[in-house]
Amino acid sequence: MHWDNIIGQKKVINLLQRTVDSGHVSHAYLFHGLDGTGKRAVALAFAQALQCEGCSTEQRCQSCKRSSKVEHPDIQFLLAEPSDAKAGEAARRIALLAEDPYAAIDFLRAPNLGASKSATKRYKQAFYSIDRINLHLRQHVMLRPSMGTYSIIIITDADTMRERAANAFLKLLEEPGPNTIFILTTSRKDQLLPTILSRCQHLSFEVLSPETISNALQARKNVDANLADVIGNMSQGSYLHALELTQNESLRNDRDRVLSFLRFAFMRKFVQQTDLIAEISQSSRDGIRNLLRLLLNWIRDVALYRAMGEKALITNQDQKEEIMKFNRNLQNADLDAMVRLVEEALLLTESNVHTTLLLVNLSSRLGQAMRAPHNGKLFNPLTM
């Protein structure tokens, strides 16, 4: 019951279930792994299971009811906060986890959560200060549990502790209060103090399989099966990234534009390609980068299918016919060079490059690489 809302992570769940059943609980855990693999959701489920008073199949206990609402008095959930965050903003965000423990509610990944699309407010960097550790956390650690068996403190993105705060937290970790359990989550384990790492039991979270993500999207977000499969393959093992892709209103249109970009480049339809490039250039720099990533994934799918045929695990399953047609009709295409061309274009978008000229040059070079071997260089160096 406590683990029903978790996506994948069977190894981690089995270990934590045995921990709860045995009662042999460590005083500190470190959940580490890629963003969006369920570290926060599992931390909440683990805390709920530890505090459970004995649920039946028909009804949850009072402790679990409060835990599921993120309202249990003996489960403290902490977010890294910017110094200019409004009072109560963190509490408002944490309350949203009752609806979806996988949602991006923190200041790091969703600084403008709930604001209008035109909002320009940008918070300062989110972190844990020494005052927060000494005043808020130390006070809570000193208190005995008021309702549950344990006093559980979940610290998300623990790597954002500044040096003085980390050293202050280390003292709490070395001398925990009675029945106190710390659960730290991080996607950057190397940023934590070695002395903190040595005092925690480590649980590594694996990337989620495309099938697992696709099934979760269909069941939880009613995403169309074909689109869910595509997003599952594009999400790089992160359900959080998959959610971002489902909210990308231009995703379907961008995937169509990728095919048009390649067709026009090969067929040298300069007028149509010029119009398409002008349209793409109106996008934000992030939007252009996203489109180039889609283009890169598509070319890699073609290369995979060329090498493995029907056994290839391609990302764009719903465009398999187009991928087969490309391989059949463009047998001389230099796919390695095409990959290098798009990778160079992606790198150049990080600088102050003129995006229209970049896309025009990319189109020309891809057209050449689709016909014959190519050096894979977007811009040839000047020679004396």
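So, here is what we can say about the structure in this document. Small disclaimer: the values here were computed from a predicted structure and weren't measured.

## Regarding the layout of surface pockets
Okay, step 1: By volume, the second largest pocket is sized at about 480 Å³.
Okay, step 2: Looking at which element gives the most residues to the lining of the second largest pocket, the answer is helix 13 (residues 285-308), with six residues.
Okay, step 3: Partitioning the lining of the second largest pocket into residue classes produces six nonpolar, seven polar and four charged.

## Concerning the nonpolar core
Okay, step 1: Counting 118 residues, the largest nonpolar core has I155 and L366 as its most contacted members.
Okay, step 2: Ranked by residue count, the leading element in this core is helix 13, at 10 residues.
Okay, step 3: Excluding anything up to four places from it in sequence, L366 contacts F261, L262, L295, I299, M338, L341 and V342.

## Some remarks on the pattern of salt bridges
Okay, step 1: Counted by the stated rule, this structure contains 16 salt bridges.
Okay, step 2: Note that R132 is salt-bridged to E81, the shortest N-O span being 3.2 Å. Here E81 lies in the loop between strand 2 (75-78) and helix 4 (89-95) and R132 lies in helix 5 (residues 130-142), a separation of 51 residues in the sequence.
Okay, step 3: For E81, a relative accessible area of 23% gives the class partly exposed.
Okay, step 4: With its nearest N and O atoms 2.6 Å apart, the salt bridge here joins D254 to R257. Placement of both D254 and R257 in helix 11 (residues 251-267) is noted, with a separation of three residues, approximately one turn of the helix.

## Focus: unusual backbone geometry
Okay, step 1: A positive phi angle, near 50°, is found at D157, a position not held by glycine.
Okay, step 2: Here D157 is to be found in the loop between strand 3 (151-155) and helix 6 (163-174).
Okay, step 3: By relative accessible area, which is 8% here, D157 ends up buried.
Okay, step 4: If you check the backbone angles, N222 has positive phi at about 55° while not being a glycine.

## Re the packing of helix 8 (residues 210-221) against helix 10 (residues 239-246)
For any two helices packed against each other, the geometry is given by the interaxial angle and the distance between the axes.
Okay, step 1: Viewed as axis vectors pointing N to C, helix 8 and helix 10 meet at an angle of 55°, and their least axial separation amounts to 11 Å. Overall, the two elements helix 8 and helix 10 adopt an arrangement that is oblique. Read as a crossing pair, helix 8 and helix 10 show a hand that is right-handed. On the side of helix 8, the interface is formed by I213, A216, L217, R220 and K221, while helix 10 contributes Y239, A242, L243 and T246.
Okay, step 2: Here the contact of helix 8 with helix 10 is built from residues that sort into six nonpolar, one polar and two charged.

## Notes on the sheet that holds strand 4 (residues 180-186)
Okay, step 1: Across the sheet, five strands lie side by side as 2-3-4-1-5; this open sheet has parallel pairing. On the outer flanks of this sheet lie strand 2 and strand 5 (201-205), each paired with one strand and no other. Each strand of the sheet is rotated relative to its neighbour by a mean of 15°, with strand direction disregarded.
Okay, step 2: Direction of pairing for strand 2 relative to strand 3: parallel, over a ladder of four bridges. Bridge pairing in strand 3 links F77 to I154.

## With respect to empty space enclosed by the protein
Okay, step 1: Scanning the model with the defined rule gives two cavities of 30 Å³ or more in all.
Okay, step 2: Counted as a void, the largest cavity has a volume near 250 Å³.
Okay, step 3: Along its surface, the largest cavity is lined by 20 residues, and D35, G36, K39, R40 and R109 are the ones closest to its centre.
Okay, step 4: Those elements that provide at least two residues to the lining of the largest cavity are helix 2 (39-51) and strand 4.
Okay, step 5: Class assignment for the residues of the lining of the largest cavity results in seven nonpolar, seven polar and six charged.
Okay, step 6: Along its surface, the second largest cavity is lined by M234, R255, V258, L294, N297, W298, T315, N316 and Q319.
Okay, step 7: If you list the elements that add at least two residues to the lining of the second largest cavity, you get helix 11 and helix 13.

The rules we used
- Residues numbered from 1 in each chain as written.
- Predicted model: local features only at pLDDT ≥ 70, side-chain atom pairs only at ≥ 80, totals over all residues.
- Heavy atoms only, no water.
- 1 Å grid on protein atoms, 1.4 Å probe; cavity = no way out; pocket = protein on both sides within 12 Å on 5 of 7 lines; lining within 4 Å.
- Points joined across faces, edges and corners; volume = space filled by probe spheres on them.
- Helix = DSSP H or I, 4+ residues; strand = E, 2+ residues; numbered from the N terminus.
- Nonpolar A, V, L, I, M, F, W, Y, C, P; charged D, E, K, R; others polar.
- Core = buried A, V, L, I, M, F, W, Y, C linked by side-chain atoms within 4.5 Å.
- Buried < 20%, exposed > 50% of the residue type's maximum accessible area, 1.4 Å probe, protein only.
- Contact = heavy atoms within 4.5 Å.
- Salt bridge = Lys/Arg side-chain N within 4 Å of Asp/Glu carboxyl O.
- Axes fitted to C-alpha atoms, helices over the stretch in contact; angles between N-to-C directions.
- Parallel < 35°, antiparallel > 145°, perpendicular 65-115°, else oblique.
- Left-handed = near helix turned anticlockwise from the far one by under 90°.
- Pairing = 2+ DSSP bridges.

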